[in-house]
Structure formats: structure tokens, C-alpha cells
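Breakdown of the fold
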Amino acid sequence: MKSKFLVITISLFALLASGLMPAHADQTPVINDGGPLAPIEFKGPGQRIHGADISRWQHPNGKLINFEKMRAAGINFVMIKGSDTKDDSDALARKWYKIDREGAHAAGIYTGYYHYAILPNVATKTLVIKDAQAQAQKVLWRIASIGGLTEKDLPIALDIENKCVKLRSNRSCEKYASRNTVTIWSETFLRIIKEKTGRMPILYSYSNFLESSMKRSTELAQYPLWLAQYGVDPAVPTNHPGMKNGGCYVHSWTAANCKAQWTMWQYSSCGIAPKYGVPGSRLDLNVFRGTPDAFAALRKGSWTPEPADLMPVGETSVMTVKSVTFSNTNRPLVVDVDVMRPTLEPVVTGSVKFVQDPANPMKASLKQSAIRATSGSWTLSVAGIPAGVWNGQIVYYDNSDTHATSSQPITITVEQALSTPTPKPTKKPVVKPKSDGCKNQIKN
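Residues numbered from 1 in each chain as written. Predicted model: local features only at pLDDT ≥ 70, side-chain atom pairs only at ≥ 80, totals over all residues. Heavy atoms only, no water.

**Description of the environment of Ser407**
Rule in force here: Secondary structure is summarised from DSSP: a helix means a run of H or I of at least four residues, a strand means a run of E of at least two, and numbering begins at the N terminus for each. Exposure is judged per residue with a 1.4 Å probe applied to protein chains only, and the accessible area is read against the type maximum: over 50% gives exposed, under 20% gives buried, and values in between give partly exposed. Working rule for contacts: check all heavy atoms of both residues, and any pair within 4.5 Å makes them a contact. Each polar contact in these results corresponds to two N or O atoms within 3.5 Å; when the atoms are within protein, one needs to be able to donate a hydrogen and the other to accept it, and residues that are neighboring in sequence are counted only if both atoms are side-chain atoms.
With respect to the helices and strands, the residue Ser407 is situated in strand 17 (residues 406-414). Overall, Ser407 belongs to the partly exposed group, its relative accessible area being 36%. Separated by ten residues in the primary sequence, Ser407 and Tyr397 place their C-alpha atoms 8.7 Å from one another. Those residues in contact with Ser407, other than ones at most four positions away along the chain, are Met319, Gln393, Ile394 and Val395. There is a polar contact of 3.2 Å between the side chain of Ser407 and the side chain of Gln393.

**Digging into the sheet that holds strand 3 (residues 110-116)**
To be explicit about the condition: A pair of strands is considered paired only if DSSP assigns at least 2 bridges between the two. Lines are fitted to the C-alpha atoms to define the axes, a helix being fitted only along its stretch in contact, and any angle between axes, read from their N-to-C directions, falls within 0 to 180 degrees.
Pairing in this closed barrel of eight strands is mixed, and the strands run 1-2-3-4-7-8-9-10 around the ring. Here the strands of the sheet are splayed against their neighbours by 30° on average, with no regard to which way each runs. With five bridges joining them, strand 1 (residues 49-54) and strand 2 (residues 75-84) adopt parallel strand pairing. Residue Ile54 lies in a different strand from strand 2, and its bridge partner there is Ile80. Most of the contacts of helix 3 (residues 87-106) go to strand 2, to which it runs at about 155°, and overall it touches strand 1, strand 2, strand 3 and strand 4 (153-159). Helix 4 (residues 125-145) contacts strand 2, strand 3 and strand 4 of the sheet and is inclined by roughly 150° relative to strand 3.

**Some details on the packing of aromatic side chains**
Convention followed: Only centres within 6.5 Å qualify two rings of Phe, Tyr or Trp (six-membered ring in Trp) as a pair; their planes then separate them into stacked at under 30 degrees, edge-to-face at over 60, and tilted for everything else.
Per the counting criterion, the structure on display carries ten aromatic pairs. An angle of 45° between the planes, with centres 5.8 Å apart, marks the rings of Phe77 and Phe295 as tilted. Highlighted residues: Phe77 in strand 2 and Phe295 in helix 8 (residues 292-298), separated in sequence by 218 residues. For Phe295, a relative accessible area of 0% translates into the label buried. For the pair Tyr110 and Phe295, a centre-to-centre distance of 5.6 Å together with 80° between the ring planes defines the contact as edge-to-face. Taken together, the residues span a long stretch of sequence, with Tyr110 in strand 3 and Phe295 in helix 8 at a distance of 185 residues. Phe295 carries the same exposure label as Tyr110, and that label is buried. A connected cluster of aromatic rings, assembled from ring pairs, spans Phe77, Tyr110, Phe288 and Phe295.

**A look at the state of the cysteines**
The condition is simple: Any two cysteine sulfur atoms lying within 2.5 Å of each other are counted as a disulfide.
In the structure shown here, the tally under the stated rule is three disulfides. Here Cys248 connects covalently by a disulfide to Cys258, the sulfurs 2.1 Å from one another. Of the two residues, Cys248 is situated in the loop between strand 8 (225-228) and strand 9 (264-272) and Cys258 in the loop between strand 8 and strand 9; the sequence distance between them amounts to ten residues. Given a relative accessible area of 18%, Cys258 falls into the buried group. Paired by a disulfide, Cys270 and Cys438 hold their sulfur atoms 1.9 Å apart. Where Cys270 bonds to Cys438 through sulfur, the torsion about that S-S bond is close to -85°, and the disulfide is left-handed. With Cys270 in strand 9 and Cys438 in the segment after strand 17, this pair connects stretches of sequence that are 168 residues apart. Overall, Cys270 belongs to the buried group, its relative accessible area being 4%. Relative accessible area serves as the criterion here: at 10%, Cys438 is assigned to the buried category.

**A short note on the sheet that holds strand 17**
The antiparallel open sheet is built from three strands, whose spatial order is 13-16-17. The open sheet terminates on both sides in strands that have one partner only, identified here as strand 13 (351-356) and strand 17. The mean angle between the axes of side-by-side strands here comes to 30°, regardless of whether they run parallel or antiparallel. Here strand 13 runs beside strand 16 (residues 388-397); their pairing, made up of six bridges, is antiparallel. Bridge pairing links Val352 to Tyr396 in strand 16.

Written as C-alpha cells, this is what we have:
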């Protein structure tokens, strides 16, 4: 496997050098030999294989993780956040994933990849499936950019723990996805990842979400479960995650004896980070359920991307303005926008904004927000437009350079409001007592 991996990744570099493939920060494959496979050690609580999971939060002020120290402390695997539905969070995940994966492999630590999912606010099964396909494509492009998967990589994991699809202005949830939507979306995403990589992907969540937010599914039950439950000591042989004091959590991974059929258990979010070479104070800790052979079976096989699997650069995008709503200076301009790829699939990354006509600037401070309904679909709100007739552009842009910029001209007629709305009285903030988020958690 080693020589084949090196030959194919070198051939990708040759394509880049020849000019047949454009260079891009996200698509430069990494040649990573890193030596032989590291031995597996039972240094976790309960004599289990010990692991951690990390994201940008483990890099305060841009500090690096000391993976040599992490390995010496008994960590055999680390799950790394590799992508996110939201573009701003995704950019940070993209930055650290390559760095952390290389550092972990060099230290003899096996790595996994997880994608944090935000579900779409759409009304039909067809649109739910389209969004899952788009988010799966983002993950596959990201994995292709580092040369694919080797036997030092665990399968890709889907982090599905949030079913809010619409927020209020105070950031509380206004609308939740149905159980059917959560289930269909997850099945679609995992099926695509499995078919493309040849690996059985992993699903991460917690018991109450699995029971209350997803339908029971024999398709989902085939995937390994990475279950979060804190405050239960994995060092005690009789302890298991996914149990409750009375009754039974009923979901796709519930066994006849009421126990969850878990593969990995995130047992703490309060591990002592410096002990494991991680900047900051807290670290998520995990254990693997099973033998070294079971751990090796999860990593069996490699996926080496072809050039066509790499993320495109500057791929053409086509914008459609579906609706425009505006009336007076007290109300924002609201524009619903779709942006598609040449394949008529939604764009995977990017956002939209309003750009004023430089020949006739408004000389006003505008407040813009683009709310993602689903992949390639946004509702853009622009407040603060003064009375008058204004020209401008609705612009789609993609900071990752995957999709090319596109735009549509727009003419706005805004009337002066008859009266200024009475401002609501400012409520004094309620000071909540501080709580210890690590109370009763295992810290080592």
C-alpha cells in the first residue's frame, strides 16, 4: 500500500507542475509516509484503547499541539474536525486539519476526520437529499486534498447533534428539523461517503438526540456509533454509555438488553489538556470498544483520489434571484437567492452580499446578513438603506475559490417611512450564576 500511495500522490503533483491542474490551497495532495503503523496500547481507562478529539478550539492563539506528548500520555487515536457546514467555521477547520493530521501521524497516532453538520431549512425530501449530497461532496473534496485515506486513518465521522434549522435574532432556535428529515439526511450523507471511500463511516451523537430526533433505521444501524456520554467512569467494567436510570433509550443502535451498540465512547469533555500536550485547559477524551484487530479492521483499506476527485478551482456558478422584498426605510431589503454549479447541483461553499453601485453610493452604514436555508440557497437581509432609487449587485462569492463569483444587478426603490418605530425598552441583562461545566466529569 505504501508504494502505491506514493506513486499516485506524486503523479498528482506532476499534474500540478505541468499546468494541467490549477494549484489550490485545498487541493495540494500531501505525501505522507510517516513510517510503519504504530503499535496499539491499552492505556485508556478500563484497559481500553484511548483517544481524543480536537478542533480549532485546541489551538488558542494559534498554538500547536505537541502530539509526541499526546502519544506518550497513552493516546492512540485522535478524531480531528475536518469540515463544517458553516463557511466561517469550515475555513478554520480546513486550516488546522492538515497540520494536526500530519503531526499526529508523525507521532504514531492514528487519525479520524469528522464533519459538523447543520441541517437545511427546506420543505421536501428531494431538497433534503440535495443538501446531504452537497455536504458530503465538501468532505470528499477535503479528504482528496490531503491525498485520500491510508491505514493510519479511521473512517470519516458525521457529527449530527443539532437539528435547529432556523434561528431567531437572539440566537435561540425558531424551527427544528423533523425526525424524518434528520434520518433521511444522515442516511444520504453516510451512504455517499461509504460508496466513495470504501470505508464504513461513523456517526457521532448522544442518546437523547438519537431517540428523540431520528427514526429507527436499519440502514443507520450498520454504521459504527461514536456515542457521547459524560459523568460515567469508563474505568468501571460494568459501566456503559447510552443507559438511563429508568427505561431504555430506543434508537437505531439499541440492543435487546437495552445497551447501546457503541464503537467509540466520548466519556469526557474535560480532560486535562496539558497532560496530553494540548494548549488550553480542556480536551475531549474517548475510548474504543474492542481489540486491536477490531481497531485495525475499522482502518482497513485505502482510498486514493483521482484528479477528478479534487476540489475544483473557480468553477462557474450561476445565480438566480428568486424574490426581492422591500418597502420603506424601516424595513430591510430581503432577497432570496439560489446559486448553482454547471452540473445544476447547488454550490458547496460561499455566501452572498449586496454591493452598492460605486457611481451612486448610498453614504449609509448597511447591516447585512445572509442566512443559509440549504446548500446554494440564501436569504439576504440588508438594513439601513436610505430612501431613494438605488442600483447595485447581489453578489455570490466564495472565499475558498472553489466556485467563481457570480452576480445579478438589482434596482431598489425605498420609500421614506412615515414614522420612526418606537424603540423597545432595553432590558437589563439577567446575570446567571456561574456553573461548573465539568462538574461530575471524568478529567483524566
